[in-house]
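# Results of the structural survey
Residues per chain, in single letters:
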Amino acid sequence: QVTLRAGAELDAHQVNQYTLTLRAACPGEDEVEERLFVRVTAGQVLRCDAPFASAGGDVVQVLADVAPRTPLYSVLPQLLGGLTVSGSCPGFRLRNHNTPLMLTRRGLVLAPAGGFDPSNDTQTFRLEIEVMDRHGHNCSGAVRVEVLPSHSPHVTFLKPQQAVMVPEGTGPLEVVTQVHASGDNVRYTILAPTAPALFTIDEVTGKIRSTRQLEVAHVCLLVRAYNALHPTDHATTMLNVTVHGTDQRAPSCIPALSVSQVPETVSPGSTLVTLRCTNPTGAEGHLHYALEGPPAFCSRFRMEGPRLQVNTTLDYDSEAVAAVGFQFTATIMVTAGGKPPRGTRVPVLVTVTPVNEFTPTCPNGAAFTVPETAAFGSAVGRVAGTDRDYPPNSLEYSLEGGPSPMEPFSIDKHTGEIRVVGPLDSQSHKSYRLTVRLTDTRNDLDPAKRQSCLCDVVVHLQQAVPDQAPVCTPEVQELRITARSGSRQPVTRLACQGSPATTVLAYTIAGGNEDGSFQLEGNTLFYLPDDLAEPRTFVLLVEVWGVPGASRRSTMVALVVHVTPQSTLVPPSTTTRHMTLPKEPLVVMRTETAWHPPAWFVAVLTVSGTLLLAALGCMARSLLCR
């Protein structure tokens with residue numbers, strides 16, 4: 001019988017005929033030699049892949065903890081000349097059945113339904129597979145599956161036994177406790193009691209919940225944790241669950257209301273109040289203290305057990321503290337364990353008091369200038385001191401030594417404004433040096449803790465300069481113009497100067513302009529055209545004075561203006577004649593009425609008034625007695 005060698009591949013396009021020489025011999029006879037011709041024809045032949053169809057077969061390595069029924073290998077036969085076509089799908093058959101592995105109809109090798117044995121040794125399984133299509137074409141091969149030991153940790157409970165305390169009244173589906181086991185793909189289940197009536201466990205998370213409202217009882221639960229891929233890898237723990245009774249009374253605290261007053265300089269960490277709270281159940285260590293209130297309070301204070309402490313600096317001089325009225329209110333919540341939790345609220349009021357921390361500060365370069373003719377009560381300037389304590393710049397001002405002939409000034413106690421209260425003489429004093437004391441107020445609860453500083457203030461005297469009349473050049477002008485129709489036309493510009501030179505001058509036509517033919521704008525004189533039929537001469541008087549001024553001292557300028565109509569022929573002339581007219585002195589008189597009675601008159605008037613009032617009182621008394 002001649003068979004095709006395993007793993008051999010025939011290709012008619014390369015070799016279409018093989019010649020085999022066969023030799024045969026029987027005992028005692030001569031050897032016979034014959035030739036066998038094997039012709040290979042082209043056609044669709046089923047072919048298996050080389051590694052699979054080799055003598056040793058294909059090799060697959062997997063870990064022992066692979067999940068059950070996991071695909072490990074796929075047999076992919078092909079037809080010569082292309083892939084397997086529809087209608088020619090091959091069938092797969094496992095020749096050896098002494099293996100836990102499974103082979104599907106589609107050529108997939110699967111892990112055992114119960115998974116591999118988690119052994120520490122390498123396990124080897126060989127599968128011999130035959131592939132055949134519907135036309136009888138077949139191929140075969142082998143797959144060797146090597147199962148390597150798994151390095152995954154075994155399922156383990158850290159605590160083989162646990163005790164759990166649960167308060168009575170716990171509602172249904174509330175989490176009682178949670179178990180945790182180390183390992184891979186861990187799942188949980190309750191082994192005993194087999195039908196738990198009070199508790200159930202989450203298979204994935206291990207959380208144990210109540211199935212109904214709990215009453216006082218004691219239950220033992222045996223919990224198993226196992227590897228979902230290898231159920232033989234498991235561990236157990238015992239839970240002793242005790243449902244105990246609870247006391248619904250809330251904790252009581254002393255004091256029940258906390259009122260504190262602290263200075264703004266109190267250091268962080270200082271204790272303001274220590275609560276003495278008792279739990280009706282007697283479990284002191286199970287009390288919890290927490291602050292409830294606005295962020296402004298919770299950021300500045302903290303709870304350290306039953307002690308209310310300062311968390312950060314309390315700055316009385318800040319706008320944030322002033323915005324809450326320098327008082328912070330909150331509530332200390334004291335809670336005790338239980339279902340439901342029991343709590344007591346302790347109201348807290350903390351008042352921050354000011355501390356005079358900063359010394360007043362003098363202004364830089366306090367210097368003022370006042371004319372020596374300043375009247376009584378005239379303002380000189382204001383000393384603007386500063387103080388960083390709250391309320392800001394709450395200062396009182398005073399002059400060291402008070403007003404005197406040597407220092408004829410006073411200062412307002414609240415505003416710091418300096419005023420003149422005596423005569424000023426620049427001949428004896430070019431300037432005055434004043435010493436101003438700044439004293440802070442309302443910056444500390446103790447009025448004795450006031451701070452002050454001395455400031456130097458200089459008052460310069462400005463010498464009075466008598467007003468002088470402006471000087472105009474020339475004082476008399478003779479002008480000739482030709483009247484033109486249309487808009488106004490300039491006539492002349494007055495050249496005047498006041499004393500001092502920076503004095504602003506004012507101009508006005510004092511006479512000669514009864515018909516309004518001229519107009520002044522500043523120091524410029526304009527002629528306003530009208531229906532002038534014949535030449536005419538105008539004599540104008542312009543008054544010039546300085547502004548402002550205590551007394552009006554002015555100068556008169558005379559202007560002689562010859563106006564010729566445009567139709568009248570007049571010999572051209574550009575000569576301006578200046579005449580000096582005799583000036584009459586201008587006397588300005590101002591009478592001021594003032595009465596300064598002598599001292600003896602004031603004394604006599606006072607005594608007379610007193611006697612008159614006494615006589616009237618006696619007369620009224622006698623009338624009432626009657």
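Residues numbered from 1 in each chain as written. Predicted model: local features only at pLDDT ≥ 70, side-chain atom pairs only at ≥ 80, totals over all residues. Heavy atoms only, no water.

As recorded in an unreviewed UniProt entry, the protein goes by CDHR4 protein and comes from Balaeniceps rex. Taken verbatim from the UniProt record of the protein, the Subcellular location (unreviewed entry) comment is "Membrane". (UniProt positions renumbered as here; feature names shortened; annotations may be inferred.)

### A look at the overall build of the protein
The helix and strand inventory of the protein stands at four helices and 45 strands. Within the span of the protein, comprising 626 residues, buried residues form 34% of the whole. Look at the contacts in the protein between residues 6 or more apart in sequence, and 65% of them connect residues 24 or more apart. Counting every atom, the protein has about 38400 Å² of accessible surface; 54% of that belongs to carbon and sulfur. (Helix = DSSP H or I, 4+ residues; strand = E, 2+ residues; numbered from the N terminus. Buried < 20%, exposed > 50% of the residue type's maximum accessible area, 1.4 Å probe, protein only. Contact = heavy atoms within 4.5 Å. Areas by Shrake-Rupley, 256 points an atom, 1.4 Å probe, with all protein chains shown as cover.)

### Some details on the state of the cysteines
Under the defined criterion, the tally for this structure stands at four disulfides. In this model, C253 is linked to C277 through a disulfide, with the two sulfur atoms separated by 2.1 Å. Residues C253 and C277 are joined by a disulfide whose S-S torsion is about 110 degrees; by sign, that bridge is right-handed. Taken as a pair, C253 in strand β21 (residues 252–254) and C277 in strand β24 (residues 276–278) lie far apart in primary sequence, 24 residues in all. No difference in accessibility class separates C253 from C277, as the two residues are buried. In the protein, the cysteines engaged in disulfides, taken in order along the sequence, are linked 1-2, 3-4, 5-6, 7-8. (Disulfide = S-S within 2.5 Å.)

### Regarding unusual backbone geometry
Cis peptide bonds are those with omega within 30 degrees of zero, and the linkage from A192 to P193 qualifies with -5 degrees. Phi is positive for R442, which is not a glycine, with a value near 55 degrees. Position of R442 relative to the elements: it lies in the loop between β35 (431–440) and β36 (452–462). We classify R442 as exposed; its relative accessible area is 64%.

### Describing the sheet that holds strand β34 (residues 417–420)
Note: strands within a sheet are paired through backbone hydrogen bonds, in either parallel or antiparallel orientation. Taking strand neighbours across the sheet as the criterion, the three strands line up as β31-β34-β33 in an open arrangement whose pairing is antiparallel. Unpaired on one side and paired on the other, β31 (379–382) and β33 (409–411) mark the two borders of the sheet. Strand-to-strand twist in this sheet, taken as the mean axis angle between neighbours without regard to direction, amounts to 20 degrees. In terms of strand pairing, β31 meets β34 through three bridges, oriented antiparallel. Each bridged residue has a counterpart across the sheet, and for A379 the counterpart in β34 is R419. (Pairing = 2+ DSSP bridges. Axes fitted to C-alpha atoms, helices over the stretch in contact; angles between N-to-C directions.)

### Structural notes on the UniProt feature "transmembrane region" (unreviewed entry) in the protein
Per the UniProt annotation, the sites labelled "transmembrane region" (unreviewed entry) are residues 599–620. Counting secondary structure, residues 599–620 comes out at 100% helix and 0% strand; the distance between its end C-alpha atoms is 32 Å.

### Thoughts on the packing of aromatic side chains
Counted by the stated rule, this structure contains eleven aromatic pairs. On the basis of an interplanar angle of 50 degrees and a centroid distance of 6.5 Å, the ring pair of F157 and Y188 is categorised as tilted. One end of the pair, F157, is in strand β12 (residues 156–157); the other, Y188, is in strand β16 (residues 186–192), with 31 residues separating them in the sequence. The two residues F157 and Y188 agree in class, both being buried. Here the aromatic residues F297, F301 and F328 are joined through ring pairs into a cluster of three or more. Above the face of the F526 ring, R488 is positioned so that its terminal group lies 4.1 Å from the ring centre. (Phe/Tyr/Trp six-rings, centres within 6.5 Å; stacked < 30°, edge-to-face > 60°. Lys NZ or Arg CZ within 6 Å of the ring centre and 35° of its normal.)

### Section: the confidence of the model for the protein
Residues shown with low pLDDT carry predicted positions that ought not to be read at fine detail. Overall, the predicted model of the protein reaches an average pLDDT of 83, with 89% of residues at or above 70. Scored below 50 in pLDDT, residues 80–88 makes 17 contacts in the model with residues more than four places away or belonging to other chains. (pLDDT = per-residue confidence, 0-100.)

### Observations concerning the pairing of strand β19 (residues 217–227)
Both β16 and β19 contribute to a ladder of six bridges, which runs antiparallel. Bridging from a neighbouring strand, Y188 pairs with A225 of β19. Examined bridge by bridge, β19 and strand β20 (residues 234–244) share ten bridges and lie antiparallel to one another. Looking at β20, one finds that R224 is bridged to T236.

### Observations regarding the pattern of salt bridges
All told, the structure shown has 13 salt bridges when counted by the stated rule. A salt bridge links E304 to R302, with the nearest nitrogen and oxygen atoms 3.5 Å apart. E396 is the partner of K413 in a salt bridge, and the nearest nitrogen-oxygen pair spans 4.0 Å. With a gap of 17 residues between them, K413 in the loop between β33 and β34 and E396 in strand β32 (residues 395–399) connect regions that are remote in the sequence. (Salt bridge = Lys/Arg side-chain N within 4 Å of Asp/Glu carboxyl O.)

### Quick notes on the environment of H288
Locating H288 in the fold gives a position in strand β25 (residues 287–292). C-alpha of H288 to C-alpha of G343: the two residues are 55 residues apart in sequence and 9.0 Å apart in space. Filtering out sequence-adjacent residues up to four positions away, H288 remains in contact with M333, V334 and T335.

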